[in-house]
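Tertiary structure, described
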Amino acid sequence: MAPSQLKKLKASLRESGVVGPQKSKKQKKQASKNGTLREGRIQRNEALNSIREKFAPFEVKAPVRNKFDFVSRNGVAGKASKGVVGRPGVTKGLGEENRRRNLLPEMQRRNKVGGIRDRRFGESDPTMTPEERNLERFVREKQRGDRKASMFNLEDDELTHFGQPLASDEAGNLEDFKEDDIELSDVSASEPEDDERPHKRQRLEDDESGSDDDRTKVDGTAQPGRPKTKNEVMKEVVAKSKLHKYERQQAKEDDDDLRAELDKGLPDLFTLMRGKPKLPVAPPPENLPNGTMNPDRLALLNGKDRAQADKEYDERLREYTFDQRSRPTVRTLTEEEKLEREATKLKTLEEERQRRMRGDPESEDQESDADEEALANGDPPDPRDSDAFGLGSGIPEEHERKELDVEDEDDFVLDDELIASNSDVDLSDIDDSPIQSDHEASEDEDREFVQGLLSKEDTAREELKFLANEKETAAKSTSTDVPFTFICPQTHSELIEISNSVAITDLPTVVQRIRALYQPKLAVENKTKLGVFSAVLVDHISYLANRPSHPPFSVLEALIRHTHSLAKTFPEEIGRAFRGHLSDMQQKRPLAPTPGDLVILTAISTIFPTSDHFHQVVTPAMLCMTRYLGQKVPQRLSDLVTGTYIAGLVLQYQRKSKRYVPEFVNNIFTTLYALIPPESMPGRPVPRHSIPVSLHMSKQKGSSSHNRELEFWDTVPSDEAPDDHNNPLKESLLITHLAFVVLIAQMWRSQSAFVEIIEPILELLAHVESQAIPLNFSHAIKGNLQKALIAARQSHAEALSNRQPLELHHHRPLPIKTSIPKFEESYNPTSHYDPDRQRSELSKLQAEHKKERKGALRELRKDANFMAREGLREKRERDAAYEKKMRRVVSMVQGEEGHEAKEYEREKRSRKNAKKR
Amino acid sequence: MSSFPNVGKTIRKRKRDELRNPDDVDGYTSILELESQIRASRRHYNKLVTLMNLCWSQDSHVDNEESTLAVVAVCRTFCRLIAAGSLSRNHDTSHNEGVVVQWLDDRYNDYKEMLLKALSRDDTSNQSTALTLIMRLFKEEATYLRKSDETLWRSGTFAKALKTLIDAGPSAAVQDEFMQNYFQEYDDVRFHTFAQLGTHASLRDSENSLANVLSMLATVKYVPETPDDLKRSFIKSPSQPHQEFYSLSAHRKQAQDAWLAVLRQPLNKQQRKSILGMMSHRIVPWFSRVELLMDFLTDSFDEGGSTGLMALSGLFHLIQRKNLDYPRFYHKLYSMLDYDLMHSKHRSRFFRLLETFLSSTHLPAALVASFIKRLSRLALNSPPAAIVVIVPLIYNLLKSHPMCTFMIHRVARVPCTNVSGDKFQMEELDPLKTHAIESSLWEIRTLQDHYHPNVATIAKIISHQFTKQAYNLDDFLDHSYESMLQVELSKDTKKRPEIEYAIPKRIFAEHEPSSGQEDNIMVKLFSFA
């Protein structure tokens, strides 16, 4: 059994020598003499302290017990052995001290508004004597007053020239000892005074080198730790910059002086070189550079009022912002630069088009979700099999893309026919970051346009007349009475009304005037109006083409081009209008397109980029067309012509992207089999249909020399020429299709399956060729047939020779998913091994938050405790003071009362005595 | 009266209407009077002739209310007579009685004759009345005359009525009425109708009797599943509690025989197709021995074309369930793959089955490769709706037959060997000899450049890593130009459409030669004036 606490204490006291055998008086005396007594006392105190610590077990906090010491390697080896010894008592004391320092004053100041803080210099500095304090205060007061008097006073009331005092050369004269030098006197006194230097420079230099240190030194002694105010800092900065500027000026002037001096010596030098001394010429009168400085600025420097100066400055600044001249001007570009800019613009546009053609996602648009990206990249799609391909509902948009900067300015600079349209492309409205120059250009042109509207329209009309040759006279007679103002048609019937009132050839002029009148810049609501109008215009194009009175194509063309230029401003409206037409077409007449539909489809081919992988308008249009090609069973010759027209459009759509269109090939078969029926053709790629005999080509009577070109209006069934007698039309159909063969032989020759595409066509051509003699083909057909055969055979041979087996799967091998658990080398159960990085970080953060929260709570609790304790103490003090006071008062009163009572007693007794007497 | 709920009610109603008309009152009352007289005494039997004369005459097509009333009255009279046993001859009937019975029997037959004629005539309301009356008489006959089953159903009133119905043709409303009110309702009627239909089909007495039988059979929708379903009989005969038609198998056999009789006849293409169309859900359920359909199905399948297509599902059922051995089945299947199929409306049906047929991993790779290659070749000239089926199907086939993946990835051992043409022979009919496995799927590669973005994207799955186990073909089957267009056009256009940046100078006219711009293809081919 261990000994008791008391015994242990005694033992330890004895051990450390605190208690021991008593020393004799002599020994004591000796020790005090040696000073060992004092040392001994210190030692004793130390020993006592250590003993106290040892015997107060709660003074030291034991290290945190490691739960899994035996498992954790580093737990046993490193951390635990060291141990973190906490001293709760000490920390508590520290905390208490801290609170007393921070919280207590706050507490005491609570509910106290205002008050005076003594910020007088040195007031709270106990090291200074009152005299020192007073002196310091006086010095500071002086300094402040001086500084305020002349903010930019470089000269200190003294005129200088080149930094030299004008008065005299007495640079070293210490008599003009100024008052404001006082502040530096103690500092500069320590340095050797450089008297050669000009007065002011010296001051400044001193200021520069010493100001910071000095002031801090001064302040530091006076007010430890007072940071410089912003005002002071700014002042210093200003002073410094001024100094530097002045020095630069000075250096330059010095150089100038030197150069002047050298220059002066140059004639002498020349004469010396000539070896003939010349008469010294009188030096020219030196004109002193009197004012290189701006007078205003000079005035400002020379002590103008600060507020006034600021005001002036503000005014000027405001003036400048409104000044046109202050804007940065656009440099006029040279021809080469213009061309280069044009070229780069076209290049970027082309790159953009190529990107869209590939169907790549927008490069900047990284936020497109994974699904979308997968689709665009053609990644293996997600579980919803067909949905991923956009066949069913919920088709993801293939590429979200930022709007391309729309500038058709450049086009229109060349294009005077549509000049009105430059103006309504309001760049500032469409996107917020137009190229500045373009913006400028548009504004310029705008102004120009407003002024020269008439002349330009005239040229436009001229152009139009040139196009519509046959109606020239009619146009001339009517165009003069085209009114200049129209209402902006908001419905199609309104536009029809307007168009009825003018000749059809004037319609483009009308459209142009409407666009000019309702130009978006002229009024706010014009933009929406024109947007509706542009959709109406699309309707009108198809309406015009559907009219039996076959309007001239020049008008349609002009309208389409107008629509195109409007589309740059109103893409949504026009896109919607076209889509509306397509949907109308597919619902009401999928296999019987009207001329209007054909013109609309043609318009789509020019207005929209048909090479895009996906396009809101082009893709449905393409489907509409292929639907006709794939499903129409030709019954009349006009059906065949319509099919041919649409097939041509399909080629036109795919002219850049060169995509494969199965229906196009099928259409060649359909048409040619309709024209020249085969006896038996097994394995033809189109389904067998009963095709009326009237479509078959009949034997030609003699070689008709005139070749009829296919006309657009042949797509409309006409009763004038019955199908079975219209051999010229059939001939031209045949020729057109032979031309198609040549075209696709070019277009798809690089396709991997070109051989498979062209082989049936070759068979078909052979079939056509076999009918050459029975049907007595004309020379034109024969020629075209030969051409087609040659083109097809050539590209077939080429494709065949170039063909390689497919190698589509050069993919990086996919790793097999492993399911073996990872082995941790040094496993620590306390640490988290979360494979999910995000989750582990989150849990870490959560733990930290919890810890912090606990700590903050603890602190708050301690604060509250402290405050309660303080409050209680104060209250006790107050109570005690009150009690003391009361006691004093009571005792005083009692004393007085006692005195009075005694007086009374005495009086009474004396009276009694007197009575007795 | 209560036994003629339908007819009686309508007539009563009509009567009430007519009563207001004083002219007609006479006719009605006289008919009713006659009827009551006949009922009252045998003496007035002769008035039956008068009453019958009031009935529908053969030539008058006019719907006379009176005559209808008379017909109903006669029917009632006969019913009563039958119930009373006045039409049946016993051993103990006297000669006089016999004469009377004979006479009544003759009248009764005359009356039935008249009704049957009315049934065959093209007059809906009269037909319907006649049918009701005949069936009513038939019921009375069956209950009271004690004929044998054979005579009752096969040769009696019922048989005659049914024959008339069959001859009436598929368009007759009365046929529908019969099927609705009697055939569907009563199991014994159904049972015996099947028997009659079978004999009629095999008899082939008239030109379109087969078609009529077929049309009647085609309307049969309800198939009894359990014996409990067979409870309702038209004729309640106490003598035979367990009749033939109560047994499910007998019932089925009757229907099966009827169908087989039809199938044995030379059917034209249209009939064959319609039969094949309802094969799985209307015919097969009746058959207790489905293998009896085998001949028909194989014949249809051999016919090829769309008929063959439709026979395929039935055939598949037999192959799967009944262990049918169809020689050279895959050859036949292969030969069915042609260009027409791609445009056919039965396309999705075919592809659904084709996937099932080819899903077996035990098929030789050469065969599967032939199918793959042929499909891809066909896809080159197919509408987009067909391509979107073909590509996932090919994917699934490649995934389940990895040997065939050489068709999409073949690294040449000797570099730059010139592939002179395709090893694949499109014309070869035997799928094992087409050398398709030595070819490559260039067609699918080309279709990756299809004009429709979604089709192109689907075609690209072939050249990506085959991480997906299989595509669910059903998702791709039902598309068409219209549905695709609908999808495209119903998408909302939140995004502004891209606009071509260059505005062409000429659209419908040739460019000026100095401008240096290329002309539109359309301008080259067409003249716009």
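Residues numbered from 1 in each chain as written. Chains lettered and ligands numbered in written order. Predicted model: local features only at pLDDT ≥ 70, side-chain atom pairs only at ≥ 80, totals over all residues.

1. Comments concerning the overall build of chain B
Convention followed: The helix and strand labels rest on DSSP assignments: H or I over at least four residues marks a helix, E over at least two residues marks a strand, and numbering proceeds from the N terminus. The exposure label follows from counting other C-beta atoms within 10 Å of a residue's C-beta, where the C-beta atoms are placed from the backbone and the thresholds are 20 or more for buried and 12 or fewer for exposed, leaving partly exposed in between.
Along its length, chain B carries 25 helices and 1 strand. Expressed as a percentage of the 529 residues in chain B, the buried residues total 40%.

2. Topic: the overall build of chain A
Regarding its fold elements, chain A presents 33 helices and 3 strands. Every one of the 917 residues in chain A was classed for burial, and the buried ones make up 25%.

3. Re the interface of chain A and chain B
Applicable threshold: Remark: residues whose backbone-derived C-beta atoms lie within 7 Å of one another are considered to be in contact. For two strands to be treated as a pair, DSSP must find at least two bridges joining them.
If you look at the interface, chain A gives 96 residues, while chain B gives 78 residues. At 9 residues, helix H23 (residues 553-569) of chain A tops the list of elements feeding residues into the side of chain A that touches chain B. Where strand S3 (residues 710-711) of chain A lies against strand S1 (residues 526-527) of chain B, 2 bridges are found, and the strand directions are parallel. Residue pairing in the sheet places Leu710 of chain A in a bridge with Phe526 of chain B of S1 of chain B.

4. Some remarks on unusual backbone geometry
Residue and element names in this part refer to chain A. Unusually for a residue other than glycine, Lys658 sits at a positive phi of about 55 degrees. Among the structural elements, Lys658 can be located in the loop between helix H27 (637-653) and helix H28 (662-675). Located in the positive-phi region is Asn776, a residue other than glycine, with phi close to 55 degrees. Locating Asn776 in the fold gives a position in the loop between helix H31 (772-775) and helix H32 (779-802). With 15 C-beta atoms packed within 10 Å, Asn776 lands in the partly exposed category.

5. Examining the packing of helix H13 (residues 269-283) of chain B against helix H15 (residues 305-321) of chain B
Residues and elements named next belong to chain B. Filter applied, for reference: Note on method: axes are straight lines fitted to C-alpha atoms, helices fitted across the in-contact stretch only, with angles between N-to-C directions ranging 0 to 180 degrees. Oblique is the label for every angle not falling under 35 degrees (roughly parallel), over 145 degrees (roughly antiparallel), or within 65 to 115 degrees (roughly perpendicular). If you view the pair so one helix is near and one far, a crossing is left-handed when the near helix is turned anticlockwise from the far one by less than a right angle, and right-handed when it is turned clockwise.
Contact pair H13 / H15: the axes reach a minimum separation of 9 Å and the direction vectors enclose 30 degrees. The orientation of H13 with respect to H15, classified from their angle, is roughly parallel. Note that H13 runs across H15; the crossing there is left-handed. Contacts between H13 and H15 pair Lys269, Arg272, Lys273, Leu276, Gly277, Met279 and Ser280 from the former with Ser306, Thr307, Met310, Ala311, Ser313, Gly314 and His317 from the latter.

6. As for the packing of helix H26 (residues 618-631) of chain A against helix H24 (residues 481-490) of chain B
Let me state the cut-off plainly: Under the scheme applied here, ten amino acids are nonpolar (Ala, Val, Leu, Ile, Met, Phe, Trp, Tyr, Cys and Pro), four are charged (Asp, Glu, Lys and Arg), and all others, including Gly, are polar.
Packing of H26 of chain A against H24 of chain B leaves a shortest axis separation of 9 Å and a crossing angle of 165 degrees. In terms of their interaxial angle, H26 of chain A and H24 of chain B are classed as roughly antiparallel. The interaxial crossing formed by H26 of chain A with H24 of chain B has left-handed handedness. Residues Thr619, Pro620, Leu623, Cys624, Arg627, Gly630 and Gln631 of chain A of H26 of chain A form the contact with H24 of chain B, whose own contacting residues are Tyr481, Met484, Leu485, Glu488 and Leu489 of chain B. Among the residues forming the contact of H26 of chain A with H24 of chain B, the class breakdown is 7 nonpolar, 3 polar and 2 charged.

7. Some words on helix H12 (residues 335-358) of chain A
This is how it is decided: Under the convention used throughout, the expected extent of a helix is 1.5 Å for every residue step, that is, one less than its residue count.
For H12 of chain A, with 24 residues, the first-to-last C-alpha span of 34 Å sits near the 34 Å given by 1.5 Å per residue. Just downstream of H12 of chain A, Gly359 of chain A is the residue with a positive phi angle, here 80 degrees.

8. Examining the confidence of the model for chain A
Applicable threshold: A residue's pLDDT is the predictor's confidence in that residue, given on a scale from 0 to 100.
Residues of chain A with pLDDT of at least 70 account for 70%, and the chain-wide mean is 74. Looking across chain A, the model is least confident in helix H14 (residues 409-414) of chain A, with a mean pLDDT of 34, and most confident in helix H33 (residues 837-916) of chain A, with 92.

9. What to know about the nonpolar core
Proteins that are soluble and globular tend to have nonpolar side chains buried together. Rules: By convention in this section, buried Ala, Val, Leu, Ile, Met, Phe, Trp, Tyr and Cys residues joined through C-beta atoms within 7 Å make up a nonpolar core.
Counting residues in each nonpolar core, the largest one holds 231 residues, and the members touching the most others are Ile541 and Val741 of chain A together with Val391 and Ile394 of chain B. Per-element accounting of this core gives the leading share, 12 residues, to helix H20 (residues 384-400) of chain B.

10. Description of H32 of chain A
Compared with the 34 Å implied by 1.5 Å per residue over 24 residues, the 34 Å span of H32 of chain A between its first and last C-alpha is a close match. Residues of H32 of chain A that are buried include every one of Ile781, Asn784, Ala788, Leu789, Ala791, Ala792, Ser795 and Ala799 of chain A, and no others.

11. A short note on the confidence of the model for chain B
Predicted confidence across chain B gives a mean pLDDT of 75, with 76% of residues reaching 70 or more. Under a pLDDT of 50 for its full length, residues 1-24 of chain B has, in the predicted model, 15 contacts with residues more than four places off or in other chains.

12. Considerations on the environment of Met403 of chain B
Relative to the elements of secondary structure, Met403 of chain B occurs in the loop between H20 and helix H21 (442-447). The sequence separation of Met403 of chain B and Ala369 of chain B amounts to 34 residues, and the corresponding C-alpha distance is 8.6 Å.

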